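Fold and contact review
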Amino acid sequence: MIITGFHSIEEKIRSLLKSKENTKDYKVFYSKPGPRVKKILAAAQEAGVSAEQTDDKKLDDLVKDLDQALQDHRGIVMTIAGQKKSAENLVDFDSWIKKHSTTSGSFTESSRETVVILDKITDPHNVGAIIRSCDQFGASLVIIPEHNSASNIASNEIIGRTSAGASAWVPVAIVKNLVRTAEQLKDAGFWLYGADAGGEDITGLSFAQKSAIIMGSEGTGIDVLLQKNCDTIVSIPTCGKIDSLNVSVAAGVLLYEVYRSTKERS
């Protein structure tokens, strides 16, 4: 496996420091040791990750099979021998929901839990951008369906790069049936908010402490059966001349509103 991008490599090393994982299969290759690279090398040394100076030709060769957007290595590459993309952030949803139910004993009325459900969002750049917003605004979990989505997060470097490393920290659950998952969230005390242009204005809304935001694809929106499980349909007031916001931008706005609304009450 190959990781490129300053943010992605830094966050991977940070996660290694936190988890105390064996680092023998990890290695950093770099060409010119500029200030940012030196910072990464220092962190790598602390984590026990070996590093080797080489030339740009070697780095170009390492990244040649990646998506074109990921081939801009900027002078540093991390390799993981014998692995696909690390999936340390993947969680089992059934286990997660048991721990976060109102009856589990681990949740209190003042606790804040935010879940994001991505329905038919297939562009990994959008998924990565949404995960980055989830990290910034304290979302507890991202849920992605197994089919008709960018669910190959375990092997998709684009998500890691677009999320600026946040995908190493934000828990992600891949599920077979979003409707069943939505029902489980409701049973666990979550209030479900579906994002749609015809919904209730979010500026006058007070989000529940346990909120699940459902984002549909820009083309077809939220699946009809999934929408029926929503407690409220919400929309973002805009004044532009195009039809709607990009789904990742809309998710960021909604996550901020949930964060602001629930933080004021906590």
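Not measured: the values here are computed from a predicted model. (Residues numbered from 1 in each chain as written. Predicted model: local features only at pLDDT ≥ 70, side-chain atom pairs only at ≥ 80, totals over all residues. Heavy atoms only, no water.)

Quick look at the packing of helix α1 (residues 6–19) against helix α2 (residues 35–47) now. One way to put it is that α1 packs onto α2 with a least axis distance of 9 Å and a crossing angle of 20°. It follows that α1 is roughly parallel to α2 by the angle criterion. Crossing angle aside, the handedness with which α1 passes α2 is left-handed. Here F6, H7, I9, E10, I13 and L17 of α1 come into contact with α2, specifically with R36, V37, K39, I40, A43, A44, E46 and A47. (Axes fitted to C-alpha atoms, helices over the stretch in contact; angles between N-to-C directions. Helix = DSSP H or I, 4+ residues; strand = E, 2+ residues; numbered from the N terminus. Parallel < 35°, antiparallel > 145°, perpendicular 65-115°, else oblique. Left-handed = near helix turned anticlockwise from the far one by under 90°. Contact = heavy atoms within 4.5 Å.)

All right, on to the packing of aromatic side chains then. In this structure the tally under the stated criterion is five aromatic pairs. Between F137 and Y256, the ring centres sit 5.8 Å apart and the planes meet at 65°, which makes this aromatic pair edge-to-face. Of this pair, F137 sits in the loop between α5 (124–136) and β6 (141–145) while Y256 sits in helix α9 (residues 247–265), and the two are 119 residues apart along the sequence. Note on Y256: relative accessible area 38%, which makes it partly exposed. (Phe/Tyr/Trp six-rings, centres within 6.5 Å; stacked < 30°, edge-to-face > 60°. Buried < 20%, exposed > 50% of the residue type's maximum accessible area, 1.4 Å probe, protein only.)

Structurally, the position occupied by K210 is in strand β9 (residues 210–216). Despite its burial, K210 pairs with no opposite charge; the closest candidate is E113, at 6.8 Å N-O. Within the structure, K210 has its side chain in polar contact with the backbone oxygen of A188 (distance 2.8 Å). (Lys, Arg positive; Asp, Glu negative; His and termini not counted. Salt bridge = Lys/Arg side-chain N within 4 Å of Asp/Glu carboxyl O. Polar contact = N/O pair within 3.5 Å; in protein donor to acceptor, adjacent residues only side chain to side chain.)

Nothing here speaks to function; it is geometry throughout.
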